[in-house]
Amino acid sequence: MNPANYLYLSALLFTIGAAGVLMRRNAIIVFMCVELMLNAANLTFVTFARQHGNLEGQIIALFVMVVAAAEVVVGLAIIVTMQRTRRSASVDDAHLLKY
Amino acid sequence: MSSSVSGDLILADADGTHLAQFGHDVWWIMLIKVVVIFAFLMVFTLFTIIFERRAVSWMQQRVGPNRVGPQGSLQSLADGVKLMLKEDIVPKAADKAIFVIAPVISATGAFLAFAVIPIGPEVSIFGERTVLQVTDTPVAVLFILASSSAAIYGIVLAGWSSGSTYPLLGGLRSTAQMISYELAMSLSFVAVFLYAGSMSTSEIVAAQEDLWYGIALLPSFVVYLIAMVGETNRPPFDLPEAEGELVGGFHTEYSSIKFALFFLGEYIALITVSALAVTLFLGGWMAPWPLGGPIWPGANENWFPVLWFLGKLLTLVFVFIWLRGTLPRMRYDQFMALGWKILIPVSIGWILLVATIQALRNEGYEVRNIVLVAAGVLAALLLVTWVWEVVRAKPPEDEPVAEAVEFDPFAGGYPVPPMPGQVPVLVSTPVSTPVSFSTSGQHRVEMVERGDTDA
Amino acid sequence: MGNTSNGEAVLFWILAPITVLAALAVVGSKKAVHSALWMAMVMVNLAMFFAVQSAPFLAVAQVVVYTGAVMILFLFVLMLIGVDSSDSLVETIRGQRIAAMLAGIGFGVLMIAGIGNASVDDFNGLTAANSAQGGNVEGLAALIFTRYVFAFEAIGALLITAALGAMVLAHREEIGEKLNQKALSIQRFKDGGIVTPLPAPGVYARHNAVDMPALLPDGTASELSVSPVLRARGDVLEPDDSVAAEASQRAQLGKGSSS
């Protein structure tokens, strides 16, 4: 099994996540695509950990997981506040700071 | 023929003596074990249902189901058949795909966890030596937590996909309760991991040879017992399923086979958390002390441990049923406060203590003396504060005696309870006016006048 | 030294297409809840990939933390707050969808070409690293608590900050004092009105739906037993049918009088 297979898979997942962030407008789905990108990065880290033969890749994957969890908490709180005040969760509608 | 996924994979770093036993089974031994565990779980569920009904009725001084089969033992089978043959209703507003999948997720997650529960030591099945456990990994207990996390999905999806309000609210409440008590459960495991030095179930059972962790780590055990009741949505923590509150909770709109799957999943979750308690805190398949050691050393070999395991499992299941028959239901905010504000801080404090003791033991200090000194200091502190409270307490003030205001309960024609300050004086006057209703309309209730009763 | 095996290849080639399809479904689902479920599937698949790559702790942590907590948080927000699942069809930026898709495809081609150009050595395997400390978990612990303890403390502080931030953002200022059960009960009695539970709708031999009122002892219909919404809409039935039938039965049986 070539490590490259896992790398291609995570590159594909990352691309799909990035395209999702650009295409979708519902804030929660955009968020989910960001999570998809983070997961793809995790897969890359674990693959390289195994390829190099040391555990540091898994350590950073663990840290990425924790950071993603913290980010989800705050991000969802922001989305909930947005939805409460302006009744819409579309990222297009949050444009008050637009020049 | 060893299994093909060896080498680099999960079991590779098995250098604990117990983990090395796994991963070398012949495929048909593995099949036998899986099928037997599955069948055992189904039969034990049927047994638990009827056992629960009989035990609760015994506590409530009535008979319980006793028609179908000897002493009603086939009642749950009859119920299962009935459920299978019922009409399968899918509400119009339901999201059909998720509505069907939700009970499957719930039941599957419940079954999965039993793959790593140790039921016995090494025995020989048809000539092959194998351990009475489907498999084991270095992170087995975490795997059980993961599978119960997966089962929670079934509940939240069932609540949402039913397309109606009571299931949604019940499902969300159920899920919030389960993830809160899952935290308390996980924290109670941490102390066990610290003592046993491993997360694999067979290692933990082996480490309890001298002293069961239910005694050595009593606070963790108590926290786990409370958390496991909350995790499985059982009384007294079953408000999300209470009929008076949320009709049926997340399974309101379910009927027939899907409802049976939820029911099955709930009972199997009950059995799984009980089995986990037995494994982590009650010594697993090891016999209780006098039997395993001096009296009968052979109690921990061959097939006998299955008996001890089943006995302990049955005891814990009875505790569940006992709680159901005895305790009233707690209010949702009350038991969420219990889970977050009491169980989790107590667990964390206890883990700090256990970690300190374990660190000191690793450094080579004599832990027993330190623990005794600390316990003595704590007891002295408690004694001093209690004495101080008693000395400081004010004597109770005399309450003013209420004057007896004469008060005729039947004055308005209807019986009325006394207001605060009024003391009902028993007067022996007869009821002055008969109770009657207006006679307009087609119905008239006739009441007989009450006079002095003399008989 | 390649110490991978056939089982891993089978697992990979079965799960990888499923993962990619699930990821496409995350992006392309109409309903947000379906997106969340496909995302959970992607995460479980990734957990299996982690397990097969000698990272058992990371695999179960992925299921417990990501699938079991983060995605459930997503589902909670979707279900409780009722975030509208459909995107509006009006595009704010014209041609954004097409441009995004093209950009995505281009980016993907770029990355895959980059990986294809790089030469990656074969797997060294983690057998040595995992058994250095007596297990994968022990190995991770040795690294976290010695070399990376500062980062570990930092993410602990990060989690606390995140929890505080969520509490601040979701906090609703209480204007009045919050009444407990006893105070609410006292208030209900002070206000007068009806303090008992309302009577249930009538149950008769031929009709027991919620639009049939119950009868008071004097034979009149009780207004409180049907919903005020139905009353306002005029959807309440008269119980005359059942009352008349009962009265005629009584007359026939000769029991009591009905005047």
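Our subject is the structure that appears above.
Here we summarise the structure given alongside this text.

### Brief notes about the overall build of chain A
Here is step 1: If you tally the helices and strands in chain A, you get 3 helices and 0 strands.
Here is step 2: Expected size for 99 residues packed as a compact globule is a radius of gyration near 13 Å; at 17 Å, chain A overshoots this value by more than 25%.
Here is step 3: For chain A, with 99 residues in total, the buried portion stands at 63%.
Here is step 4: Within chain A, residue pairs in contact and separated by at least 24 positions form 55% of the contacts whose partners lie at least 6 positions apart.
Here is step 5: Put simply, chain A shows about 3700 Å² of open surface, and 68% of that area lies on carbon and sulfur atoms.
Here is step 6: Here chain A holds 7 positive side-chain charges and 5 negative ones, and the gap between their average locations is 10 Å.

### A word on the overall build of chain C
Here is step 1: Summing up its helical and strand segments, chain C has 10 helices and 0 strands in all.
Here is step 2: Order of helices (α) and strands (β) in chain C, N terminus to C terminus: α-α-α-α-α-α-α-α-α-α.
Here is step 3: Its C-alpha radius of gyration of 33 Å places chain C more than 25% over the 18 Å reference for a compact globule of 259 residues.
Here is step 4: Overall, the C-alpha framework of chain C stretches about 105 × 45 × 45 Å when taken along its three principal axes.
Here is step 5: In chain C, which comprises 259 residues, the proportion classed as buried is 34%.
Here is step 6: Here the contacts in chain C between residues at least 6 apart in sequence split such that 48% fall between residues at least 24 apart.
Here is step 7: Surface summary for chain C: the accessible area is close to 15500 Å², and the carbon and sulfur share equals 64%.
Here is step 8: Side chains of chain C carry 15 positive and 20 negative charges; the gap between the two charge centres is 6 Å.

### Focus: helix α3 (residues 96-112) of chain B
Here is step 1: Taking 1.5 Å per residue, 17 residues should reach 24 Å; α3 of chain B reaches 25 Å between its end C-alpha atoms and fits that length.
Here is step 2: Residues of α3 of chain B that are buried: Ile98, Phe99, Ala102, Pro103, Ser106, Ala107, Gly109, Ala110 and Phe111 of chain B.
Here is step 3: Among the structural elements, α1 (27-59), α4 (140-161) and α10 (256-281) of chain B together with α2 (32-52) of chain C are those in contact with the buried residues of α3 of chain B.

### A short note on the environment of alanine 27 of chain A
Residues and elements named next belong to chain A.
Here is step 1: Among the structural elements, alanine 27 can be located in helix α2 (residues 27-52).
Here is step 2: Given a relative accessible area of 8%, alanine 27 falls into the buried group.
Here is step 3: Measuring from C-alpha to C-alpha, the distance between alanine 27 and glycine 75 comes to 9.6 Å, with 48 residues separating the pair along the chain.
Here is step 4: Leaving out residues up to four positions away in the same chain, alanine 27 has contacts with Ile79, Ala89 and Val91.

### Focus: the environment of alanine 176 of chain B
Here is step 1: The topology assignment puts alanine 176 of chain B in helix α5 (residues 165-196).
Here is step 2: With a relative accessible area of 16%, alanine 176 of chain B lands in the buried category.

### Regarding the interface of chain A and chain C
Here is step 1: The partner chain C presents 86 residues to the 66 residues of chain A that form the contact.
Here is step 2: Both sides together, the interface formed by chain A and chain C hides about 7200 Å², and carbon and sulfur atoms give 73% of it.
Here is step 3: Between the two partners, chain A and chain C, sit 2 salt bridges.
Here is step 4: As a salt-bridge pair, arginine 147 of chain C and glutamate 56 of chain A come within 2.6 Å of each other at their nearest N and O atoms.
Here is step 5: Counting across the chain A and chain C interface gives 15 residue pairs in polar contact (both at pLDDT 80 or more).

### Points about the packing of aromatic side chains
Residues and elements named next belong to chain B.
Here is step 1: This model, assessed by the stated rule, comprises 27 aromatic pairs over all chains.
Here is step 2: For the pair tyrosine 195 and tyrosine 213, a centre-to-centre distance of 5.9 Å together with 85° between the ring planes defines the contact as edge-to-face. Of the two residues, tyrosine 195 sits in helix α5 while tyrosine 213 sits in helix α7 (residues 213-216), which places them 18 residues apart along the sequence.
Here is step 3: Judged by its relative accessible area of 4%, tyrosine 213 is buried.
Here is step 4: A network of ring pairs unites the aromatic residues Phe40, Phe44, Phe47, Phe51, Phe114, Phe318 and Trp322 as a single cluster.
Here is step 5: Residue placement shows arginine 173 over the ring face of tyrosine 332; its charged tip is 4.8 Å from the ring centre.

Cut-off values and rules
Residues numbered from 1 in each chain as written. Chains lettered and ligands numbered in written order. Predicted model: local features only at pLDDT ≥ 70, side-chain atom pairs only at ≥ 80, totals over all residues. Heavy atoms only, no water. Helix = DSSP H or I, 4+ residues; strand = E, 2+ residues; numbered from the N terminus. Rg over C-alpha atoms; globule rule 2.2 N^0.38 Å. Buried < 20%, exposed > 50% of the residue type's maximum accessible area, 1.4 Å probe, protein only. Contact = heavy atoms within 4.5 Å. Areas by Shrake-Rupley, 256 points an atom, 1.4 Å probe, with all protein chains shown as cover. Lys, Arg positive; Asp, Glu negative; His and termini not counted. Charge placed at Lys NZ, Arg CZ, Asp CG, Glu CD. Expected span 1.5 Å × (residues − 1). Buried area = accessible area lost by both parts, 1.4 Å probe. Salt bridge = Lys/Arg side-chain N within 4 Å of Asp/Glu carboxyl O. Polar contact = N/O pair within 3.5 Å; in protein donor to acceptor, adjacent residues only side chain to side chain. Phe/Tyr/Trp six-rings, centres within 6.5 Å; stacked < 30°, edge-to-face > 60°. Lys NZ or Arg CZ within 6 Å of the ring centre and 35° of its normal.

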